[in-house]
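Notes for the structure review
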Amino acid sequence: MIKARWYFKKLRLLLLFILIIFGFVEGNNNQLLKTSDDFETPICERDTQCVVGGVCRPDATGKKRCMCSSSCLMTVPVKCVQSNPVSCLTMGENYVSKYNTSLPYCHHNRCVCPPLYDPVPVKSPTPGVPFIPPFKCDKRELQIMLAISPADAVYKGTEATFYCCVNVDPRDYIPEEGVYFVQNGTRRREASTTPYQLFTTTDDSLFTVP
Ligand SMILES: *[C@@H]1O[C@H](CO)[C@@H](O)[C@H](O)[C@H]1NC(C)=O
Ligand SMILES: *[C@@H]1O[C@H](CO)[C@@H](O)[C@H](O)[C@H]1NC(C)=O
C-alpha cells in the first residue's frame, strides 16, 4: 500500500516534469517572430503597385512588399529627414516583439512603415469602438464601377448614360492617356483628361489619394 503510494507520487512528479518541458518548448515556439509570409502579404515589384505614397521594398524575408505612411503607428513621426536613416524610429515595442518585417524608413521626407497586422487601439475610447482595424498597406486591386441609366438594358435607339468610375490607385493600372471607351473591339471615345494631370512630382502629391 505504502509502496503503491510512493510510485504514484513519483509518477505525478514525472508527469509534472514532462508538462513543464512541453510548456517550455511551446512557449519558445510562440516567441518566434511572425513575418509577412505568415500573413501572406502580397509581393510587389514596383512602387506604383502599392497604395498611394507606398513603396515596394524587401522586408525581413527578402521579398519585396509594400510599405506605406498610413500604416505607421504613433511611435513613428510623420515627417522625417532623408539624410538620417533612423529618423523614423521603430514601430514600437509591441510590434517589434511580435513581428519581423522591416524598419520604418524615410521616403521623400515622409516616414513609411511595414504593414499593420493588429487592430489599433483607440486612444480616447469611443463607446462601441474599442479599436480601429489595421490600415491595409498592400498592393492595390483595380476597381471599376459601372452604372447605366435609366437601366442596364434599353431598347435600340433609346438614350442611355454610362457612368464609369475607375480607381487610379494603383497608378500602374491606368494608362497615361487616361481611360477610353471600347465597343466591339473598336476605340469609340478617347479620354478627354488624364488622371495624372493633377499630379506633380512634389513630395505631397505622392501621398495624396487621387
Ligand atoms: C527575421 O526573419 C529573417 C528571415 O526569416 C531571419 O533570417 C532573421 O533572423 C529574423 N530576425 C529576427 C530578429 O527574428
Ligand atoms: C463587331 O465586329 C465584328 C467584326 O469587326 C463585326 O462582324 C460585327 O458585326 C460587329 N458587331 C456589332 C454589333 O457591331
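Look up: the structure comes first, before these words.
Our subject in this report is the structure included herewith. In this text the structure is predicted, and so the values were computed from the model without any measurement.

Our focus in this paragraph is the pairing of strand 7 (residues 144-149). Of all six residues in strand 7, zero are buried, a share of ten percent or less. When strand 7 meets strand 8 (residues 161-166), the two strands line up antiparallel, connected through six bridges. The partner of methionine 145 across the bridge, within strand 8, is cysteine 165.

A cis amide bond, omega 5°, links serine 149 with the succeeding residue proline 150. In this structure, glutamate 40 takes a positive phi of about 50° despite not being glycine. Note on glutamate 40: relative accessible area 67%, which makes it exposed. Unlike most non-glycine residues, leucine 89 shows phi in positive territory, near 55°. Here leucine 89 shows up in the loop between strand 2 (64-67) and helix 2 (93-96).

With that out of the way, let us pick up the pairing of strand 1 (residues 55-58). Examined bridge by bridge, strand 1 and strand 2 share four bridges and lie antiparallel to one another. Its bridge partner being in strand 2, valine 55 is matched across the sheet by methionine 67. Hairpin connection from strand 1 to strand 2: five residues lie between these consecutive antiparallel strands, with glycine 62 at a positive phi of about 85°.

With that settled, consider the nonpolar core. With 13 residues, the main nonpolar core has Val76, Cys88, Met91, Tyr95 and Cys111 as its most contacted residues. Aside from chain neighbours lying at most four places away, what touches tyrosine 95 is Leu73, Thr101, Pro114, Pro115, Leu116 and Tyr117. Cys44, Cys50, Val51 and Cys66 belong to the second largest nonpolar core, which has seven residues in total.

On to the environment of isoleucine 144. By the element assignment, isoleucine 144 lies in strand 7. In contact with isoleucine 144, other than residues within four places in its own chain, are Cys164, Cys165 and Val166.

Calculation criteria
- Residues numbered from 1 in each chain as written.
- Chains lettered and ligands numbered in written order.
- Predicted model: local features only at pLDDT ≥ 70, side-chain atom pairs only at ≥ 80, totals over all residues.
- Heavy atoms only, no water.
- Buried < 20%, exposed > 50% of the residue type's maximum accessible area, 1.4 Å probe, protein only.
- Helix = DSSP H or I, 4+ residues; strand = E, 2+ residues; numbered from the N terminus.
- Pairing = 2+ DSSP bridges.
- Core = buried A, V, L, I, M, F, W, Y, C linked by side-chain atoms within 4.5 Å.
- Contact = heavy atoms within 4.5 Å.

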